[in-house]
Amino acid sequence: MTRLAGDFGKVAVLMGGLSAEREVSLQGGQAVLAALVRRGVDAHGVDAGQDVLSLLQQEEYDRVFIMLHGRGGEDGVIQGALESIGMPYTGSGVAGSALGMDKYRCKLLWQGLGLPTADFIMLESEQDIERAESLGFPLMIKPSHEGSSIGMAKVESRQELKAAWQQAGGYDVDVMAEKWVTGSEYTASILDDQVLPLIRIETPHTFYDYDAKYQADSTGYYCPCGLDSDQEIALKGLAEKAFRAVGAKGWGRVDIMLDAEANPYLLEVNTVPGMTSHSLVPMAARAEGIDFDELVWRILSASMVID
């Protein structure tokens, strides 16, 4: 059904928030807000603080475009809060958001379904250091509930592993060690029921870290991604399975590594991907002939009802 701008009512673009990804959220939120206003939507930016629910009700908003990243915005918390007041919102629901944000449990689910992902161990005590070492170095250390590569580190020894575990523990009590995959990184953006063209990411950094994602001009993005059509179709299918498996919907992104033998390994799901000038979903949409304003419109259009 074709929507009119007035059909959406008064829209709050939730941005900022209290997580470690606040600055990225503000950038993306402003871009989304500008796009909605250009399309004639009665949209307003809202910096999501502790009083966000009462503010949304007092100001009589009709629906929410979620551009919050990290904890409190991408983990099911704001989604559940919005459902409690009956307010429609963009993107995945409570369960899909929570699982997508929890890298460890997301990987457990994929593993249980037979979907390929690198071997991993949760680091809960000193005893787990030896278990992690048994995966073989190098390893990637990750806070389980952070995004944008915050707190992540590549380690090549027991000493580095312990230090990275302690550092990541400053961001999250749940820290995971994952077998390092040497190869090429690809990302699959998903919009409604469509997997957009894959993007291959190349960075001179050790891995695709925060700086490479948001600040560096040295990161290369390749779309077309360089895979032959059969390989790309297969990776798109895997990404869609991984996305649906966690209960994600609406829009999002799935990151995948291909090793030297072209074996795929699922990395993670992003249920509220970035929408900045360096972001991948707008880039993939452009390759499909969908400009930024249309992309934002389509994401909002999927928020018309609460399941």
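Calculation rules
- Along each chain, residues carry numbers from 1 onward, in the same order as the chain's sequence is written.
- At least 70 in pLDDT is required for a residue's local features to be given in this predicted model, at least 80 for side-chain atom pairs to be given and counted, and no such filter applies to totals for whole chains, interfaces and linings, which use all residues.
- In computing side-chain properties, one takes all heavy atoms of the structure into account and sets aside hydrogens as well as water.
- We count a stretch as a helix when DSSP gives it H or I for four or more residues in a row; a strand needs E for two or more, and each element gets its number in order from the N terminus.
- For the radius of gyration, the atoms used are the C-alpha atoms, and the globule rule reads 2.2 Å times the number of residues raised to 0.38.
- Note on classification: 1.4 Å probe, protein chains only; a residue is buried when its accessible area is under 20% of the maximum for its type, exposed when over 50%, partly exposed between these limits.
- Contact between two residues is taken to exist if any of their heavy atoms lie within 4.5 Å; hydrogens are not considered.
- Areas reported as accessible are Shrake-Rupley estimates using a 1.4 Å probe. Residue values count occlusion only from the protein chains shown.
- The charge count treats Lys and Arg as positive and Asp and Glu as negative. His and the chain ends do not count.
- Every charge is mapped to an atom, namely NZ of Lys, CZ of Arg, CG of Asp or CD of Glu.
- Here a polar contact means two N or O atoms within 3.5 Å. Within protein one must be a hydrogen donor candidate and the other an acceptor candidate, and residues neighboring in sequence count only if both atoms are side-chain atoms.
- By convention in these notes, a salt bridge is any Lys or Arg side-chain nitrogen within 4 Å of a carboxyl oxygen on Asp or Glu.
- Note: two strands are recorded as paired if DSSP finds a minimum of 2 bridges between them.
- Axis definition: a line fitted to C-alpha atoms, over the contacting stretch in the case of helices. Angles run 0 to 180 degrees between N-to-C directions.
- The directions from the helix axis to the C-beta atoms form the arc being described.
- A crossover counts as right-handed when, viewed with the strands pointing away from the observer, the path leading from the first strand over the helix to the second turns clockwise.
- UniProt positions are given in the numbering used here, feature names are shortened, and annotations may be inferred rather than shown by experiment.

1. Considering the overall build of the chain
Check the secondary structure of the chain and you find eleven helices and 13 strands. Against the compact-globule benchmark of 19 Å for 307 residues, the chain has a radius of gyration of 19 Å, which places it among compact chains. Its C-alpha atoms give the chain principal-axis dimensions of about 55 × 45 × 35 Å. Here the chain holds 307 residues, and 56% of them are scored as buried. Counted over contacts in the chain with a minimum sequence separation of 6, partners at least 24 positions apart contribute 68%. Accessible surface computed for the chain: about 12,900 Å², of which carbon and sulfur atoms make up 48%. For the chain, the centre of its 25 positive side-chain charges and the centre of its 45 negative side-chain charges are spaced 1 Å apart.

2. Looking at the side chain of Glu74
Inspection of the secondary structure assignment puts Glu74 in the loop between strand 3 (63-66) and helix 3 (77-84). For Glu74, the side chain forms a polar contact with the main-chain nitrogen of Thr271, separated by 3.5 Å. There is a polar contact of 3.2 Å between the side chain of Glu74 and the backbone nitrogen of Val272. Not counting residues within four places of it along the chain, the set of residues in contact with Glu74 comprises Leu68, His69, Gln79, Ser97, Met101, Asn270, Thr271 and Val272.

3. Quick word on the pattern of salt bridges
Overall, the coordinates contain 16 salt bridges when judged by the stated rule. When the shortest N-O distance is used, the salt bridge between Asp47 and Arg22 registers 2.7 Å. Highlighted residues: Asp47 in strand 2 (residues 42-47) and Arg22 in helix 1 (residues 22-38), separated in sequence by 25 residues. One salt bridge connects Glu240 with Arg244, and the closest N-O pair in it is separated by 3.7 Å. Of this pair, Glu240 and Arg244 both sit in helix 9 (residues 229-245), separated by four residues, roughly a single helical turn. Given a relative accessible area of 29%, Glu240 falls into the partly exposed group. Here the residues in one salt-bridge network are Arg39, Glu294 and Arg298, joined through shared partners.

4. Details of the sheet that holds strand 4 (residues 120-123)
Spatially, four strands are ordered 4-7-5-6 in an open sheet, and the strand pairing comes out antiparallel. Only two strands of the sheet have a single neighbouring strand rather than two, namely strand 4 and strand 6 (153-155). Across the sheet, the mean angle from the axis of one strand to that of its neighbour is 30°, orientation sign disregarded. Pairing of strand 5 (residues 139-143) with strand 7 (residues 175-179) involves five bridges; the strand directions are antiparallel.

5. Considerations on helix 7 (residues 158-168)
Every buried residue of helix 7 is accounted for by Leu161, Ala164, Trp165 and Ala168. One face of helix 7 carries all of its buried residues, which in axial projection span an arc of 105°. Opposite the buried face of helix 7, by more than 90 degrees, sit the exposed residues Gln159, Gln166 and Gln167. Looking at the buried positions of helix 7, the neighbouring elements they touch are strand 4, helix 6 (127-133), strand 5, strand 6 and strand 7.

6. Brief notes about the pairing of strand 2
Across six bridges, the pairing between strand 1 (residues 10-15) and strand 2 is parallel. Across the sheet, the residue bridging to Val13 is Gly45, located in strand 2. Each parallel crossover has a hand, and the one from strand 1 via helix 1 to strand 2 is right-handed.

7. Considerations on the UniProt feature "binding site: Mg(2+) 1" (unreviewed entry) in the chain
Per the UniProt record, "binding site: Mg(2+) 1" (unreviewed entry) is found at Asp255 and Glu268. Structurally, the position occupied by Asp255 is in strand 12 (residues 251-259). Assessed through its relative accessible area of 4%, Asp255 is described here as buried. Setting aside anything within four residues of it in sequence, one finds Asp255 in contact with Glu185, Tyr186, Thr187, Tyr265, Leu266, Leu267, Glu268 and Asn270. A polar atom in the side chain of Asp255 sits 3.0 Å from the side chain of Arg253. Here Glu268 is to be found in strand 13 (residues 264-270).

8. Some words on the pairing of strand 10 (residues 199-202)
Looking at chain direction, strand 8 (residues 183-191) and strand 10 are connected through three bridges and run antiparallel. Looking across to strand 10, one finds that Thr187 is bridged to Ile199. In terms of strand pairing, strand 10 meets strand 11 (residues 220-222) through three bridges, oriented antiparallel. Its bridge partner being in strand 11, Arg200 is matched across the sheet by Tyr222.

9. As for the sheet that holds strand 1
Picture the strands of a sheet paired through backbone hydrogen bonds; they go either parallel or antiparallel. Across the sheet, which stays open at both edges, the three strands sit in the order 2-1-3 with parallel pairing between neighbours. Looking at strand neighbours, the two that pair on one side only are strand 2 and strand 3, the edges of this open sheet. Averaged over all neighbouring strand pairs, the angle between strand axes comes to 30°, with direction disregarded. The pairing of strand 1 with strand 3 spans four bridges and is classified as parallel.

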